[in-house]
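Structural characterization, general
Residue strings, one per chain:
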Amino acid sequence: MVSRIIPVNEFDLVVFGGTGDLAKRKILPALFKRFCDGQIPEGSRIVGAARSAHTLDAYRDLVAEALSEFAKELARDQDALRAFCEIVHYVAIDARGEGGWADLAGLLKNEVRAFYFSVGPGLFSDLAERLHLHGLTNEQTRVVVEKPFGHDLETAQALNHELAQHFDESQIYRIDHYLGKETVQNLMAVRFGNILFEPLWNAQYVDHIQITVAETVGVGGRGEYYEKSGAMRDMVQNHLMQLLCLIAMEPPSKFDPDAVRDEKLKVIRALDSVQPHHIVRGQYTAADGEASYREDVDNPRSKTESFVALKCQVNNWRWAGTPFYLRTGKRLSDRDTEIRVVFKDTPHSIFGPEAGQHHNELAIQLQPDEGITLKVTIKEPGPGGMRLIDVPLDMSFAEALGPTVETPDAYERLIMDVIRGNQTLFMRNDEVEAAWAWTDPIIRGWEARGDVPKPYDAFSTGPDDAAMMMSRDQRHWRGLGK
Ligand code: NAD
């Protein structure tokens with residue numbers, strides 16, 4: 001299959017934080033991959049900007065080194081690597097200082113200019129203000145901001161307000177990289193491109209939905225940040241809620257940024273407030289020579305959760321009575337991000353009780369591999385009567401589309417969408433605020449009650465209470481720990 005690349009106009013992309021971890025691991029490799037695919041037009045330039053002084057050669061060396069590590073295969077092509085580095089430039093700029101801005105202005109030549117704020121949110125308004133002050137913005141300017149977008153509703157509103165002082169909402173791209181994943185977009189294609197699923201996509205046929213984002217890693221070097229954040233702010237408020245929105249939303253009238261985001265917003269606004277007994281917090285303990293959460297963050301009394309499982313409801317006509325179970329955690333048994341849509345049992349079994357009760361299940365896997373599996377019930381082959389078994393109808397993208405189609409990294413897709421000016425896969429200001437408005441009372445409740453997370457064994461499936469929450473509903477978690 002031939003991959004079809006949609007051409008973009010030549011552009012300038014400035015990465016503030018161009019020497020940071022995110023730039024090296026994700027942003028620059030994504031740009032390099034698009035460059036190797038011929039998607040970056042001649043005349044475009046990529047400008048790294050950060051506080052430290054680097055000569056142009058030293059910065060290009062840093063970029064080449066990062067690509068050799070994080071885009072290994074492609075970086076073996078020395079000509080491609082050299083050609084890419086030619087379009088890379090560097091300016092030393094302190095977001096809070098006035099130096100370097102004139103040099104940056106001198107480098108920008110194209111109408112389309114994107115400024116990627118790959119720095120802490122504390123610097124967003126400094127950058128926005130100075131970009132404006134030094135005359136670097138135009139109508140075709142876009143700014144890309146990274147998570148965390150705020151710490152709660154109040155700080156998110158303040159950030160939105162600060163950005164809105166200098167940019168129109170149509171110029172602001174709030175990244176949630178989960179939305180750039182091929183499978184997440186495929187989720188929309190599967191739902192809205194097939195007649196098969198949509199009629200069943202409601203409380204009448206869906207028993208419940210599970211969303212799991214599990215990691216095997218602990219907080220590692222991010223302890224200081226994580227201790228102030230916890231799983232609720234770090235994962236649920238953004239990634240899990242975005243996935244929930246895409247699963248639960250009504251079909252938008254068209255695949256257009258505001259039509260899609262309007263529908264997602266309606267889902268968040270329809271979420272009920274979570275009851276304290278429908279939520280479980282956990283904290284990993286030490287195991288297999290790995291430190292406990294409290295050791296990792298160097299706080300023996302930490303009350304921050306590294307695990308959350310919760311049950312919520314989308315209070316609308318489509319989903320009334322269908323529970324959504326969300327769970328995320330660190331130091332769990334597997335690295336696994338998936339959504340399970342569990343359909344109801346058939347209303348009546350014509351095969352008798354010995355054939356067993358079966359149901360369909362749609363599993364949408366985002367990590368480690370991307371793919372969609374539909375579990376269907378068939379007859380177990382062979383003699384011996386009608387015994388039913390569940391088998392997967394696999395939609396493995398790699399197999400179906402052939403080896404020539406590589407799943408692009410989410411950042412490749414998202415950065416090119418920024419250049420194209422397509423905001424569909426980015427969060428709008430009201431979406432982010434609505435998500436905080438939902439999570440804030442939960443977090444405030446924990447703080448008010450002095451809630452202490454339940455310890456769980458490292459590399460397990462989380463605290464027992466999370467399993468009990470499910471079993472009280474005569475259900476069980478799927479996927480993890482199998
Ligand atoms: P980092 O600490 O590795 O890099 C920060 C970068 O910002 C460096 O280039 C540094 O020179 C620059 N910087 C710091 N202060 C500056 C100033 N005053 N003026 C100009 N430049 C300045 O951080 P990171 O991991 O690259 O993360 C960047 C942002 O992206 C953070 O907000 C982080 O929360 C977010 N983020 C990171 C990841 C990730 O995987 N690293 C993932 C999601 C979101």
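In the block above lies the structure referred to throughout.
Read on for an overview of the structure.

Rules used throughout
- Residues numbered from 1 in each chain as written.
- Predicted model: local features only at pLDDT ≥ 70, side-chain atom pairs only at ≥ 80, totals over all residues.
- Heavy atoms only, no water.
- Salt bridge = Lys/Arg side-chain N within 4 Å of Asp/Glu carboxyl O.
- Buried < 20%, exposed > 50% of the residue type's maximum accessible area, 1.4 Å probe, protein only.
- Helix = DSSP H or I, 4+ residues; strand = E, 2+ residues; numbered from the N terminus.
- Polar contact = N/O pair within 3.5 Å; in protein donor to acceptor, adjacent residues only side chain to side chain.
- Contact = heavy atoms within 4.5 Å.
- Patch = residues over 30% accessible without salt bridge, like charges linked within 9 Å, V, L, I, M, F, W, Y side chains within 5 Å.
- Areas by Shrake-Rupley, 256 points an atom, 1.4 Å probe, with all protein chains shown as cover.
- Lys, Arg positive; Asp, Glu negative; His and termini not counted.
- Charge placed at Lys NZ, Arg CZ, Asp CG, Glu CD.
- Phe/Tyr/Trp six-rings, centres within 6.5 Å; stacked < 30°, edge-to-face > 60°.
- Lys NZ or Arg CZ within 6 Å of the ring centre and 35° of its normal.
- Near = heavy atom within 4 Å.
- Axes fitted to C-alpha atoms, helices over the stretch in contact; angles between N-to-C directions.
- Parallel < 35°, antiparallel > 145°, perpendicular 65-115°, else oblique.
- Nonpolar A, V, L, I, M, F, W, Y, C, P; charged D, E, K, R; others polar.
- Left-handed = near helix turned anticlockwise from the far one by under 90°.
- Pairing = 2+ DSSP bridges.

**So, the pattern of salt bridges**
Applying the stated criterion across every chain, the model contains 37 salt bridges. Notably, a salt bridge pairs R428 with D430, separated by 2.9 Å at the nearest N-O pair. A relative accessible area of 22% means that D430 is categorised as partly exposed. Three or more residues joined by partner-sharing salt bridges are found here, namely E338, R340, E361, K375, D390 and R478.

**Concerning the side chain of H358**
Here H358 shows up in the loop between β11 (336-345) and β12 (359-367). At a separation of 3.4 Å, a polar atom in the side chain of H358 contacts the main-chain carbonyl oxygen of L388. A distance of 2.9 Å separates the side chain of H358 from the side chain of D390, its partner in a polar contact. The contacts of H358, once residues within four sequence positions are left out, are D345, T346, T377, L388, I389 and D390.

**What about helix α6 (residues 124-133)?**
Across the 10 residues that make up α6, a large majority, 7, are buried. When α6 is considered as a whole, its buried residues turn out to be F124, S125, D126, L127, A128, R130 and L131. A positive backbone phi angle near 65° is found at G135, which sits one or two residues after α6.

**Here's the deal with a negative patch on the surface**
A cluster of acidic residues, D57, D61, E65 and E69, forms a negative patch at the surface. One can find D61 in helix α2 (residues 56-70).

**Quick word on the packing of aromatic side chains**
Across all of its chains, the model carries 15 aromatic pairs by this definition. Plain terms: the ring middles of F197 and W201 are 6.5 Å apart, the flat faces sit at 80° to each other, and that makes the pair edge-to-face. On the basis of relative accessibility, which here comes to 7%, the residue F197 falls in the buried class. Among the aromatic residues, ring-to-ring pairing joins F16, W101, F115, F117 and F124 into one connected group. Positioned above the aromatic ring of F149 is the side chain of R174, whose terminal nitrogen or guanidinium carbon lies 5.0 Å from the ring centre. The ring of Y284 has R331 lying over it, and the distance from NZ or CZ to the ring centre is 5.3 Å.

**Description of the site of the ligand**
In the vicinity of the ligand, 20 residues are found, and the nearest of them are T19, D21, L22, R25 and A95. For the ligand, an oxygen atom lies 3.4 Å from a polar atom in the backbone of K147. Relative to its free-state accessible area of 830 Å², the ligand is covered by the protein chains to the extent of 72%.

**Notes on the packing of helix α9 (residues 223-248) against helix α10 (residues 257-270)**
Contact geometry for α9 and α10: axes closest at 9 Å, N-to-C directions at 105°. It follows that α9 is roughly perpendicular to α10 by the angle criterion. Residue-level contacts link M241, Q242, L244, C245, L246 and A248 of α9 to K264, V267 and I268 of α10. Of the residues belonging to the contact of α9 with α10, the class tally is 7 nonpolar, 1 polar and 1 charged.

**Things to note about the environment of E154**
In this fold, E154 is placed in helix α7 (residues 153-166). Note: C-alpha distance between E154 and H359 (205 residues apart in sequence) is 44 Å.

**Some points on the packing of helix α8 (residues 182-193) against α9**
Interhelical geometry of α8 versus α9 gives an angle of 15° and a closest axis separation of 10 Å. In terms of orientation, α8 and α9 fall into the roughly parallel class. Relative to α9, α8 is oriented so that their crossing is right-handed. Residues V184, L187, M188 and R191 of α8 form the contact with α9, whose own contacting residues are L243, L246, I247 and A248. Residue composition of the contact of α8 with α9, grouped by class: 7 nonpolar, no polar and 1 charged.

**Some words on the sheet that holds strand β5 (residues 141-145)**
Strands sit in the order β3-β2-β1-β4-β5-β6 across an open sheet of 6 strands; the sheet is parallel. Strands at the two margins of the open sheet, each flanked by one partner only, are β3 (88-92) and β6 (172-174). The sheet shows a mean angle of 20° between the axes of neighbouring strands, taken without regard to direction. The sheet contact formed by strand β2 (residues 45-50) and β3 spans 5 bridges and is parallel. Across the sheet, V47 pairs through a bridge with H89, a residue of β3. Contacting β1 (11-16), β2 and β4 (112-117), helix α1 (residues 21-36) crosses the sheet at an angle of about 170° to β1.

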